[in-house]
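Residues per chain are reported as follows:
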Amino acid sequence: MEEVCHMSNISTADGQALSDPMVAVMGATDQHRADPCDHPATGSEPVVVSWGAGVDSTAMILELVERRERIDMVLLAEMPERPETLEFIPVFRQWMDAHGIPNETVRYRPKRFKNWPPYADLLENCLTNGTLPSVAFSRGACSAKWKVAPQDAWVKAWPVAQKAWARGEKVVRLIGFDSGPRDTRRYKNVADQTNSLFRYRYPLREWGRQRPDSEARIRRAGLPVPVASSCFFCTGMQCDEVRTLPQEYLRQIVLMEARAKPRLRNCEGLWRSSTKGLRGREARPGSMTRFIRDQRLLDPAEVDRIVAEAPSELVAFIDGASRLPLSQRPAMGSWLERFDAGALAKAA
């Protein structure tokens, strides 16, 4: 049985964290071609696609367009994604623009910070609280807070949805779960969910599509097949995926684990606990930092320096910020920028 990680006297950054804001509101700043959905047909349910910028949800959109099925809006929640995903997002958004598919990026925007420096995303939230994402503790609140919540907030403020609800209808939300074993397990966990505002549909499962089918569909459209979409520090990252990360991202992983380590009880790090590499899988430690050091993805001396110095420097920054009114408080992002620049200079 997989060991569940625990922390001492602290909750996760994406659950009921110490600095968890009371309200999550998304910011939508780059709406693309929204005009076609401003006035959907009277009496019809609006259709919103949840796009994760990965293989399945991308292939689902391609197939929906080919089948001439209705799409009123595609929503993407902004996250600290892998570099390959960040490169793919504008490519596919350009494709959607060219095909008249309205699409928009939304973001969870924390509102209350108590005495903490303002933070903007999951990475900065974890660094502020000295914790790890909840998925590292076998919980699934990462997506609920940082992906689902801002999309829900956007739809609830959308006049098209409001009019549909006033007519007694629901908004149809399309989810890109395929028919493969992994997504079938995920589907079973949500298949019976009901919601007074949304009706959920899983087109890839209706069509009997699995992952290879989705990859083939993307290639047929002449588009690059995206990598698995996830935060670059996600527990689900595979060893080879960590090996491809830029050094800036690797340093931030080391920083996150070092900042959280004093409060971890029986959790080694972002990968929870060590594995022996059974069933063809590569053996790895529970700590990504140890993997980065052992694989020499960063110079071991640099890893040791980050672990020894950066957490205390970060705590001093947080303590200093706590003495200032919120309007004058420096953001966590400003410290992280200095960390990245300083680490790069020291490594040169």
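Residues numbered from 1 in each chain as written. Predicted model: local features only at pLDDT ≥ 70, side-chain atom pairs only at ≥ 80, totals over all residues. Heavy atoms only, no water.

Student: Can you walk me through the packing of helix 10 (residues 247-260) against helix 12 (residues 300-322) in this structure?
Tutor: The description of two helices packed together rests on the angle between their axes and the distance between the axes. At a closest axis distance of 9 Å, the pairing of helix 10 and helix 12 adopts a crossing angle of 65°. In this structure, helix 10 crosses over helix 12, and the sense of that crossing is right-handed. Residue-level inspection shows R251, V254, L255, A258 and R259 of helix 10 in contact with helix 12, the latter providing E302, V303, I306, V307, A310, P311, L314, V315 and I318. When its residues are assigned to classes, the contact of helix 10 with helix 12 shows eleven nonpolar, no polar and three charged. (Axes fitted to C-alpha atoms, helices over the stretch in contact; angles between N-to-C directions. Helix = DSSP H or I, 4+ residues; strand = E, 2+ residues; numbered from the N terminus. Left-handed = near helix turned anticlockwise from the far one by under 90°. Contact = heavy atoms within 4.5 Å. Nonpolar A, V, L, I, M, F, W, Y, C, P; charged D, E, K, R; others polar.)

Student: Could you clarify how one ought to interpret the pairing of strand 2 (residues 47-50) in this entry?
Tutor: Sheet faces and side chains relate simply in a regular strand, where the side chains alternate between the two faces. The side-chain alternation of strand 2 yields two buried faces, one formed by V47 and V49 and the other by V48 and S50. Of the strand pairs in this sheet, strand 2 and strand 6 (residues 171-174) are connected by three bridges, and their pairing is parallel. Pairing of V47 across the sheet is with V172, part of strand 6. Both strand 2 and strand 3 (residues 73-77) contribute to a ladder of three bridges, which runs parallel. Its bridge partner being in strand 3, S50 is matched across the sheet by L75. Tracing the backbone out of strand 2, into helix 1 (residues 55-66) and back to the parallel element strand 3 gives a crossover that is right-handed. (Buried < 20%, exposed > 50% of the residue type's maximum accessible area, 1.4 Å probe, protein only. Pairing = 2+ DSSP bridges. Right-handed = clockwise from strand over helix to strand, strands pointing away.)

Student: Can you walk me through the side chain of K145 in this structure?
Tutor: As for its placement among the helices and strands, K145 is situated in helix 4 (residues 141-156). For K145, a relative accessible area of 8% corresponds to the buried category. A polar side-chain atom of K145 sits 3.4 Å from a polar atom in the side chain of N125. (Polar contact = N/O pair within 3.5 Å; in protein donor to acceptor, adjacent residues only side chain to side chain.)

Student: Which parts of the structure should I look at to understand the pairing of strand 4 (residues 103-106)?
Tutor: Judged by which residues are buried, strand 4 turns out to be covered on both faces: N103 and T105 on one side and E104 and V106 on the other are all buried. Bridge count between strand 3 and strand 4: four bridges; the pairing is parallel. Bridging from a neighbouring strand, L75 pairs with E104 of strand 4. One crossover worth recording links strand 3 to the parallel strand 4 by way of helix 2 (residues 83-98), and it is right-handed.

Student: What am I meant to see in the packing of aromatic side chains here?
Tutor: A ring pair, where both rings are aromatic, is described by two values, the distance of the centres and the angle of the planes. Tallying each qualifying case throughout the model produces 15 aromatic pairs. Ring geometry for W165 against F198: centres 6.1 Å apart, planes inclined by 90°, an arrangement best described as edge-to-face. Residue W165 is located in helix 5 (residues 159-166), and its partner F198 is located in strand 7 (residues 198-201); the two are separated by 33 residues in the primary sequence. By relative accessible area, which is 3% here, F198 ends up buried. Within the aromatic cluster, the residues linked to one another by ring pairs are W51, F88, F92 and W95. Across from the ring centre of F198, 4.3 Å away, lies the NZ or CZ of R173, which sits over that ring. Just above the ring of Y187 sits the side chain of R205; from NZ or CZ to the centre is 4.2 Å. (Phe/Tyr/Trp six-rings, centres within 6.5 Å; stacked < 30°, edge-to-face > 60°. Lys NZ or Arg CZ within 6 Å of the ring centre and 35° of its normal.)

Student: I'm lost on the pattern of salt bridges in this one. Help?
Tutor: Here the idea is simple: oppositely charged side chains can pair when their charged atoms come close. What the rule picks out here adds up to 23 salt bridges. Ionic pairing is found between D72 and R70, a salt bridge with its closest N-O pair at 2.7 Å. The exposure class of D72 is buried, given its relative accessible area of 5%. Assessed through its relative accessible area of 29%, R70 is described here as partly exposed. One continuous salt-bridge network, built from bridges that share partners, spans E63, E66, R67, R209, R217 and R220. (Salt bridge = Lys/Arg side-chain N within 4 Å of Asp/Glu carboxyl O.)

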